[in-house]
Amino acid sequence: MYLYLLGLLLFYYLYRWIRELPRVPDKGSKYVYITGCDSGFGNLLARHLDKQGFRVIASCFTEKGEEDLKKSCSGNLITTHLDVRSKESVAKVAAMIKDKVGQRGLWAVVNNAGVSVPSGPCDWLTIDDYKSMLEVNLNGVISVTLSVLPLIKKARGRVVNMASVAGRVSISGGPYCVSKFGVEAFNDSLRLNMAPFGVKVICIEPGYFKTNMSDPELLNNNFKRLWEKLPQEVKDQYGPDYLPKLMKVISCTIPHKVDGDLMKVVSCMDHAVAAVQPRTRYSTGWDAKFFWLPLSYMPTCVGDHIIRRMAIPIPKQVPPSL
Ligand SMILES: NC(=O)c1ccc[n+]([C@@H]2O[C@H](COP(=O)([O-])OP(=O)(O)OC[C@H]3O[C@@H](n4cnc5c(N)ncnc54)[C@H](OP(=O)(O)O)[C@@H]3O)[C@@H](O)[C@H]2O)c1
């Protein structure tokens, strides 16, 4: 019986592997627009797809990002400045792309740009902290997608959205998980809406990887900045040891927990863009596959218990007298 089940499982994986092998033809006439190419996954993907022969339109946040990328790519790659928070910037890039792609349309947009700070416990943050991140991680994704959707429909192309395991389970407080849950919801509704037009919408959900946004120094400076702005009453509730403990945990654990092999994620992004039969979702990294995703299916009380055990304990508060 067990052998029979094992055989079925092996057959399924073999069938899936063969089905997912073929790549789309005629890469040299397919344009792929990627956001956030200055560093991290976006940068690697731009270089990788350029090598594969795709026509890459790599948008960068900084001039330096554009210059560095140009130096390491072929003459086919186009770089452009993009701030996903700005309507004008998004529209300007969309107009340039419309001009370039003509009647062929745009093969794919990869919504990769994102930020990880400000982040912290919910009661350390203001609504402006939330808005500043949602503006990039969520509204930016929607705005860029809508700006080129008619071109993608023309090509019967793809939208690839960079979410996270933090869009499947609320790992931390603050706007990051809110933004990634939002990306998942946008991704799913767009997938259903676009299916009749032959447009594929694909979601990438990585675990923790070593990029600029998971840099312990960036995260700790962010915690310090938020702590300094807190009212004394909130600082007292957390206790004087909380911040140093939090910063120590971040400095000691993050470097061991993040995966340095960014190609694991980039290969999934590549498959989403280039495979004839891409998957609907890619969960990338051992932590995503074997910890965060299973956790997301557990009953709330079990998930909460596990996540709270991973958090730094807050000293017990004496309840206020009624
Ligand atoms: N690293 C992880 O563990 C992890 C896990 C799951 C999901 N992700 C997601 O993966 C995506 C890429 O992040 P990454 O890890 O590769 O980090 P990263 O190296 O910091 O890349 C983020 C990119 O977005 C750009 N960017 C920031 N604000 C922007 C704006 N307003 N407009 C346009 N571009 C902007 C950044 O430019 P600058 O470098 O110039 O600021 C950078 O190029 C993000 O969506 C992130 O949420 C990351």
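As the structure is a prediction and not an experimental result, all values here were calculated from the model.

Engineer: Got a minute to help me understand the overall build of the protein in this structure?
Structural biologist: Looking only at helices and strands, the protein has 12 helices and seven strands in total. Relative to the compact-globule value of 20 Å for 322 residues, the protein shows a C-alpha radius of gyration of 21 Å, a close match. Projected onto its principal axes, the C-alpha positions of the protein cover 70 × 60 × 35 Å. Counting the 322 residues in the protein, one finds 37% classified as buried.

Engineer: Explain the domain arrangement of the protein to me, please; I cannot follow it from the model alone.
Structural biologist: Interfaces are frequently sized by the accessible area removed from exposure as the parts join. In terms of domain boundaries, the protein breaks down into domain 1 (27-209 + 260-286) and domain 2 (212-257). Between domain 1 and domain 2, the C-alpha centre-to-centre distance is 29 Å.

Engineer: Would you explain the sheet that holds strand β2 (residues 55-60) in this entry?
Structural biologist: Pairing between sheet strands relies on hydrogen bonds along the backbone, with the strands arranged either parallel or antiparallel. The sheet built from seven strands is open, its strands ordered β3-β2-β1-β4-β5-β6-β7 with parallel pairing. Both edges of this open sheet fall to β3 (78-81) and β7 (281-284), since each of them pairs with a single strand only. Mean inter-strand twist for the sheet, computed between neighbouring axes without regard to direction, equals 15 degrees. Pairing geometry for strand β1 (residues 31-34) and strand β4 (residues 108-111), over three bridges, is parallel. Looking at β4, one finds that Tyr33 is bridged to Val109.

Engineer: Looking at this structure, how should I read the site of the ligand?
Structural biologist: Close contacts around the ligand come from 28 residues, with Gly36, Gly40, Ala113, Gly114 and Thr211 the closest. Residue contributions to the shell around the ligand peak at three residues, all from helix α2 (residues 40-52). Here the shell around the ligand is built from residues that sort into 12 nonpolar, 13 polar and three charged. When residues are assigned to domains, the shell around the ligand turns out to be shared by domain 1 (27-209 + 260-286) and domain 2 (212-257), each giving three or more.

Engineer: What am I meant to see in the packing of α2 against helix α10 (residues 263-274) here?
Structural biologist: How two helices pack is summed up by the angle between their axes together with the distance between the axes. Direction vectors running N to C along α2 and α10 enclose 50 degrees, while the axes themselves pass 10 Å from each other. The angle between the axes of α2 and α10 places the two elements in the oblique class. Here α2 and α10 pass one another in a crossing that is right-handed. In contact with Phe41, Leu44, Leu45, His48, Leu49 and Gln52 of α2, α10 contributes Val265, Val266, Met269, Asp270, Val273 and Ala274. Here the residues of the contact of α2 with α10 are counted per class, giving nine nonpolar, two polar and one charged.

Engineer: Got a minute to help me understand the nonpolar core in this structure?
Structural biologist: In summary, soluble globular proteins display a tendency toward joint burial of nonpolar side chains. In terms of nonpolar packing, the biggest core is built from 75 residues, with Val32, Leu106, Val148, Ile204 and Met269 touching the most fellow members. Ranked by residue count, the leading element in this core is helix α5 (residues 127-155), at nine residues. Counting only domains with at least three residues in this core, you end up with domain 1 (27-209 + 260-286) and domain 2 (212-257). Ignoring any residue separated from it by four or fewer positions in sequence, one finds Met269 in contact with Phe41, Leu45, Val110, Val160 and Ile204.

Engineer: What is the right way to look at the packing of helix α4 (residues 87-101) against α5 in this model?
Structural biologist: Between α4 and α5, whose axes approach to 9 Å, the crossing angle comes to 20 degrees. Accordingly, the angle class assigned to the pair α4 and α5 is roughly parallel. Relative to α5, the crossing made by α4 is right-handed. Judged by residue contacts, Lys87, Val90, Ala91, Ala94, Ile97, Lys98 and Val101 of α4 engage Ser143, Val144, Ser147, Val148 and Leu151 from α5.

Engineer: Teacher, can you tell me more about the environment of Leu45 here?
Structural biologist: Positionally, Leu45 belongs in helix α2. With 222 residues separating them along the chain, Leu45 and Ser267 place their C-alpha atoms 8.3 Å apart. In contact with Leu45, other than residues within four places in its own chain, are Ile34, Val110, Val266, Met269 and Asp270.

Engineer: I tried to follow the environment of Thr62 on my own but got confused; where do I start?
Structural biologist: For Thr62, the position within the fold is in the loop between β2 and α3 (63-71). Residue classification places Thr62 among the exposed positions, given that 11 C-beta atoms sit within 10 Å. With 24 residues separating them along the chain, Thr62 and Asp38 place their C-alpha atoms 6.9 Å apart.

Engineer: Hey, could you run me through the pairing of strand β5 (residues 158-162) in this one?
Structural biologist: When a strand is regular, its side chains alternate between the sheet's two faces. When you tally the buried positions in β5, you get five out of five residues, the bulk of the element. Every second residue of β5 is oriented toward a common face, with Arg158, Val160 and Met162 on one face and Val159 and Asn161 on the other, all of them buried. With five bridges connecting them, β5 and strand β6 (residues 200-206) associate as parallel partners. By the bridge assignment, Met162 is partnered in β6 with Ile204. Taken together, β5, helix α6 (residues 175-194) and β6 form a β-α-β motif whose crossover is right-handed.

Engineer: Help me understand unusual backbone geometry in this model?
Structural biologist: The linkage connecting Val117 with the following residue, Pro118, adopts the cis geometry, with an omega of 5 degrees. Tracing the chain through its elements places Pro118 in the loop between β4 and α5. You will see that Asp26, though not glycine, has its phi angle at about 60 degrees, which is positive. Considering the arrangement of structural elements, one finds Asp26 in the loop between α1 (2-19) and β1. The phi torsion at Arg156 lies on the positive side, around 50 degrees, for a residue other than glycine. Within the secondary structure layout, Arg156 lies in the loop between α5 and β5.

Thresholds applied
Residues numbered from 1 in each chain as written. Predicted model: local features only at pLDDT ≥ 70, side-chain atom pairs only at ≥ 80, totals over all residues. Helix = DSSP H or I, 4+ residues; strand = E, 2+ residues; numbered from the N terminus. Rg over C-alpha atoms; globule rule 2.2 N^0.38 Å. Buried ≥ 20, exposed ≤ 12 C-beta atoms within 10 Å, placed from the backbone. Domains from an automatic or database assignment. Pairing = 2+ DSSP bridges. Axes fitted to C-alpha atoms, helices over the stretch in contact; angles between N-to-C directions. Near = placed C-beta within 6 Å. Nonpolar A, V, L, I, M, F, W, Y, C, P; charged D, E, K, R; others polar. Parallel < 35°, antiparallel > 145°, perpendicular 65-115°, else oblique. Left-handed = near helix turned anticlockwise from the far one by under 90°. Contact = placed C-beta atoms within 7 Å. Core = buried A, V, L, I, M, F, W, Y, C linked by C-beta atoms within 7 Å. Right-handed = clockwise from strand over helix to strand, strands pointing away.

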